[in-house]
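Results of the structural survey
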Amino acid sequence: MSDPFDLAQAVEPVSAGAAPGGTVAVPPYFAGLNEAQAEAVAITEGPLLVLAGAGTGKTRVLTTRLAHILRSRLAWPSQMLAVTFTNKAAREMRERVGALIGAAVEGLWLGTFHSNAVRILRRHADLVGLKSDFSILDVDDQLRVMKQVIEDANIDEKRWPARALATLIDRWKDKGLRPDMLDRDEAAGFAQGRGGALYAAYQERLRTLNATDFGDLLLHTLTLFTSRTDVLAEYQERFRYILVDEYQDTNVAQYLWLRLLAQRHRNLCCVGDDDQSIYGWRGAEVGNILRFEQDFPGARVVRLERNYRSTPHILGSASKLIAHNQGRLGKTLWTDDADPGEKIVIRGVWDGDEEARLVGEDIEALQRAGHRLNAIAILVRASFQTREFEDRFLTIGIPYRIVGGLGFYARREIRDIIAYLRVIHQPDDDLAFERIINVPKRGIGEATLQAMHQLARHERRSLYRVAGTLLATDELRPQVRRVLGELQASFERWRAAAAQTALPVLIATVLAESGYAEMWQLARTVDAPGRLENLKELLSATETFETLTAFLDHVSLVMDNDAQAGGDAVNLLTLHSAKGLEFDTVFLPGWEEGLFPNQRTLDEGGLAALEEERRLAYVGLTRARQRVRISYAANRRVYATWQAALPSRFIAELPPEHAEHAAEHGMYGRTVRGLEDGAAATPSPGPSSFGRRFGNRIASGGAVAGGERLSGEIDLTPAGEFRTGMRVFHQKFGYGAVLAVEGNRLDIAFEKAGRKKVVDSFVAPV
DNA sequence: TCTCCGTCGCTTTTT
DNA sequence: GCGACGGAGA
């Protein structure tokens, strides 16, 4: 692997600032901060790492710090950059800072890495080969492009799936690596050494689409900063103070990005907790936070260790557990709470059904004791685990909500209609156009699309434009031509209307005139009414947007999980999406070897992966304010078959003085006998099916399909070589003679098919 | 172009 | 055990 820090080496290290630090008078908003918190707020100058343990008042410190800098007139809002990972976190911060200092938050650069990057990139898009109205692809689009690239390279997509390539490329982008920066070993990682070439082809394709994916937003800004020092200098000068939340989750690209921006003023404050780094599998580098003091010489480190959230028993358990990890910066959470609270309860159960039943009973008991369901959460390792609980809760009538899951904008009907809007906004958005060209069904099928693609590639124009050309020919069947013509006419109409129509009205028009709404009205599936509901919801959600562009930007960046506020309900969510949240009562089911820690993760990532799993357990425990109930089942259904399972190793890492096994049900005992019946006697159910398949992919050799792609010769036909009288061949219409040439359109008398107008790229001279 | 059927593959997912 | 996807046939 090449040194991911190549880029950094081109950059001066951020040196120690002579930090004046501290403030003179103590402003009122310092009241109530503990000593460490106050320090984290007051040290405004120079690099600062705030190690904020779970429940130590991190958000409060962040917002107070922001307010403090603004109040002290150290910087104008427009000179501050505050970066979060989620839109939700950004929103919360904006609200809380707003509450502290009022309207001055206007002008603050507060947002996610991605939204801040877009803001910069739109201004300078031309410098990295994009137009400023570039579109931001979501994962689906990304995958579709990837498939095209793989297909174009004549690689068998079965053997080398687009998914895998996408992951590979994403990881490169996470590291800040452009195609030209890969070293040989890395580039050879896919389809017998063609990974690097495919990456380059993919980037090229995105450029012609005037599009970026998520990783590009950062990568392109990095390119911009390193290639144009004048632009970089402008932003370096502007951002006097930079604040970063959840620093343990930054990837290399983000690190480099921050490092470049912070270079001038050196006032970079990063807040994070190495023990809560759980996104390594997505390219996050715990190393960033571990290395902070080396990266930024002279950095100060403040530890927030006083916990205001959990009971001593919970804290004691969490601390003991996480102590099993190596390579931590080390913190010890403490609380001066005199009441130790309830011990953590650990329960072994027979199977998933019993587990769900038990949790259900507990919740009912809590409910009777006056606890609110909103304050109860069930945190699972994998989302499919929620199903058993849902089933049970439906049966016994406990209201619940799934937190996370498919976000509003990820739903099919919403994506479809957004595709319509994207085409209205940017007719050249091929991916969007392709998505809806036959939705609802118009009879425009694969064959038509194929022809359009061929022509589009040949003429280097978009599908939408090409459609216009084809409509003037006999290339398409009359039926298809009519329908496509109507569609295009509709788009022209909508586009003309877009400028002076309110967004909800525009969308309603599109829904009605495209037949899309009707499609769902006629559908007699169970989900149809819900989808129509969602579309209605979209209408009201768009009311607040001034322009179509503003809305589309919002959509690409804010794949918000609409906070299903609702009434009082139990929360079902994954451990990953629980980070940053807290609940009175937390249930942690499924603590079994193979499931948690997850076997596949272990297979792929070894010790580092195990430690990340442990951090996940730590995150789970520290979500709880008052009580934690852990459970493990002796038998777990994995896909079709029953697997025997052993308790998670993490259970043994919980200290008996803080965590106790509930009285034996006698149920778990049966397991052991069950085990002897010949099922796997090894601890983990996992490695059997999971890991192996991945191995196959690497082991098996040749791709290659090739040969059969039609019409290489047609693609190669140079333009303008047709003359009147020339004899030609057309795939569909057969042989004929050219009667007239009008630009790229030919008027041809075919021997069998009669007189037709066709596009020259579909015709070969003979 | 649509529909039916067999095969494959199965974790987490802030943007 | 289930859904997504691709190929074959109507």
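Above this text is the structure in question.
For clarity, every value in this text was computed on a predicted model and none was experimentally measured.

1. A closer look at the overall build of chain A
When you go through chain A residue by residue, the secondary structure sums to 32 helices and 21 strands. Buried positions account for 53% of the 766 residues belonging to chain A. Accessible surface, chain A: about 33,400 Å² in total, of which carbon and sulfur atoms supply 52%.

2. Section: the protein's contact with DNA strand B
Near DNA strand B there are 33 residues, and of these Arg 282, Arg 381, Ser 383, Thr 574 and Thr 601 occur at the shortest range. The sugar and phosphate moieties of DNA strand B supply 56% of its atoms located within 4 Å of the protein. Asn 87 places a polar side-chain atom, nitrogen or oxygen, 3.0 Å from a phosphate oxygen of DNA strand B. In the model, a base oxygen of DNA strand B is placed 3.4 Å from a nitrogen or oxygen of the His 114 side chain. Elements represented by at least two residues in the surface near DNA strand B include exactly α20 (446–459), α27 (575–578), α28 (599–621) and α31 (690–699). Within the surface near DNA strand B, the residues separate by chemical class into ten nonpolar, 14 polar and nine charged.

3. Description of the nonpolar core
One finds Ile 417, Phe 433, Met 452, Phe 491 and Phe 551 to be the most contacted residues of the largest nonpolar core, which totals 50 residues. Residue contributions to this core peak at eight residues, all from helix α18 (residues 412–425). Leave out the neighbours within four places in its chain, and Phe 433 touches Val 423, Met 452, Leu 463, Tyr 464, Leu 487 and Phe 491. Judged by nonpolar contacts, the second largest core, of 44 residues, contains Val 244, Tyr 247, Leu 260 and Cys 270.

4. Observations concerning the pattern of salt bridges
By the definition in use, this model includes 42 salt bridges. A salt bridge links Asp 245 to Lys 58, with the nearest nitrogen and oxygen atoms 3.2 Å apart. Residue Asp 245 is found in the loop between β6 (241–244) and α12 (252–262), and its partner Lys 58 is found in helix α3 (residues 58–71); the two are separated by 187 residues along the sequence. Across the pair, exposure class does not vary: Asp 245 and Lys 58 are buried alike. Close ionic contact of Glu 582 with Arg 625 constitutes a salt bridge, the shortest N to O distance being 2.7 Å. Placement of the pair is Glu 582 in the loop between α27 and β13 (583–588) and Arg 625 in strand β14 (residues 624–638), with a sequence separation of 43 residues. On the basis of relative accessible area, Arg 625 is assigned to the partly exposed category, the value being 28%.

5. As for the packing of helix α7 (residues 162–174) against helix α9 (residues 195–208)
The N-to-C vectors of α7 and α9 enclose an angle of 80°; their axes lie 11 Å apart at closest approach. By the angle class used here, α7 and α9 are roughly perpendicular. For the pair α7 and α9, the contacting residues are Leu 165, Ile 169, Trp 172 and Lys 173 in the first and Gly 195, Gly 196, Leu 198, Tyr 199, Tyr 202, Gln 203 and Leu 206 in the second. A breakdown of the residues in the contact of α7 with α9 according to their chemical character gives seven nonpolar, three polar and one charged.

6. Examining helix α10 (residues 214–227)
Here α10 contains 14 residues, and its C-alpha end-to-end distance of 20 Å stays within 8% of the 20 Å for a straight helix at 1.5 Å per residue. Burial in α10 covers these residues: Gly 215, Asp 216, Leu 217, Leu 218, Leu 219, His 220, Thr 221, Leu 222, Thr 223, Leu 224 and Phe 225. Its side-chain oxygen at 3.2 Å from the backbone nitrogen of Gly 215, Asp 213 defines the N-terminal cap of α10.

7. Quick look at the sheet that holds strand β19 (residues 745–750)
Taken in spatial order, the five strands line up as β20-β19-β18-β17-β21 in an open sheet, and their pairing is antiparallel. A single partner strand is all that each edge strand has here, and the edge strands are β20 (754–759) and β21 (763–765). In this sheet, neighbouring strand axes are inclined to one another by 40° on average, regardless of whether the strands run parallel or antiparallel.

8. Topic: the packing of α18 against helix α23 (residues 503–514)
For any two helices packed against each other, the geometry comes down to the angle between their axes and how far apart the axes lie. Running from N to C, α18 and α23 point in directions that differ by 105°, and their axes come no closer than 11 Å. With respect to their mutual orientation, α18 and α23 come out roughly perpendicular. On α23, the residues that touch Ile 417, Tyr 420, Leu 421 and Ile 424 of α18 are Leu 506, Ile 507, Val 510, Leu 511 and Ser 514. When grouped by side-chain class, the residues that make up the contact of α18 with α23 number eight nonpolar, one polar and no charged.

9. Topic: unusual backbone geometry
Geometrically, the link from Val 439 to Pro 440 is a cis peptide bond, its omega value of 0° lying close to zero. Summarising the element assignment, Pro 440 is placed in the loop between α19 (430–436) and α20. With an omega of 5°, the peptide bond running from Phe 596 to Pro 597 counts as cis. Counting through the fold element by element, Pro 597 comes out in the loop between β13 and α28. The backbone of Glu 246 shows a phi angle near 50°, a positive value even though the residue is not glycine. Structurally, the position occupied by Glu 246 is in the loop between β6 and α12. Since its relative accessible area comes to 17%, Glu 246 is described here as buried. A positive phi angle, close to 55°, is found at Arg 460, a residue other than glycine.

10. Focus: the pairing of β19
As paired strands, strand β18 (residues 734–742) and β19 are joined by six bridges and run antiparallel to one another. Bridging from a neighbouring strand, Gly 736 pairs with Phe 750 of β19. Hairpin connection between β18 and β19: a loop of two residues separates the two successive antiparallel strands, and Gly 743 in this loop has a positive phi of roughly 60°. The antiparallel pairing of β19 with β20 creates a hairpin that spans three residues between the two strands.

11. Some words on the sheet that holds strand β1 (residues 48–52)
Strand pairing in a sheet relies on backbone hydrogen bonds, with the paired strands running either antiparallel or parallel. Spatial ordering of the open sheet is given by β3-β2-β6-β7-β1-β8, a layout of six strands whose pairing is parallel. A single partner strand is all that each edge strand has here, and the edge strands are β3 (109–112) and β8 (300–304). Taken over all neighbouring pairs, the strand axes of this sheet differ in orientation by 15° on average, direction set aside. By the bridge criterion, four bridges tie strand β2 (residues 80–84) to β3 in an arrangement that is parallel. Bridge pairing in β3 links Thr 84 to Thr 112. Against the sheet, helix α5 (residues 113–123) makes contact with β2, β3 and β6, and its axis sits at roughly 115° relative to β3, the strand it touches most.

12. Remarks on the side chain of Asp 295
Within the element layout of this structure, Asp 295 appears in helix α14 (residues 292–295). In terms of polar contacts, Asp 295 uses its side chain to reach the side chain of Tyr 255, at 3.2 Å.

Definitions and cut-offs
Residues numbered from 1 in each chain as written. Chains lettered and ligands numbered in written order. Predicted model: local features only at pLDDT ≥ 70, side-chain atom pairs only at ≥ 80, totals over all residues. Heavy atoms only, no water. Helix = DSSP H or I, 4+ residues; strand = E, 2+ residues; numbered from the N terminus. Buried < 20%, exposed > 50% of the residue type's maximum accessible area, 1.4 Å probe, protein only. Areas by Shrake-Rupley, 256 points an atom, 1.4 Å probe, with all protein chains shown as cover. Near = heavy atom within 4 Å. Polar contact = N/O pair within 3.5 Å; in protein donor to acceptor, adjacent residues only side chain to side chain. Nonpolar A, V, L, I, M, F, W, Y, C, P; charged D, E, K, R; others polar. Core = buried A, V, L, I, M, F, W, Y, C linked by side-chain atoms within 4.5 Å. Contact = heavy atoms within 4.5 Å. Salt bridge = Lys/Arg side-chain N within 4 Å of Asp/Glu carboxyl O. Axes fitted to C-alpha atoms, helices over the stretch in contact; angles between N-to-C directions. Parallel < 35°, antiparallel > 145°, perpendicular 65-115°, else oblique. Expected span 1.5 Å × (residues − 1). Pairing = 2+ DSSP bridges.

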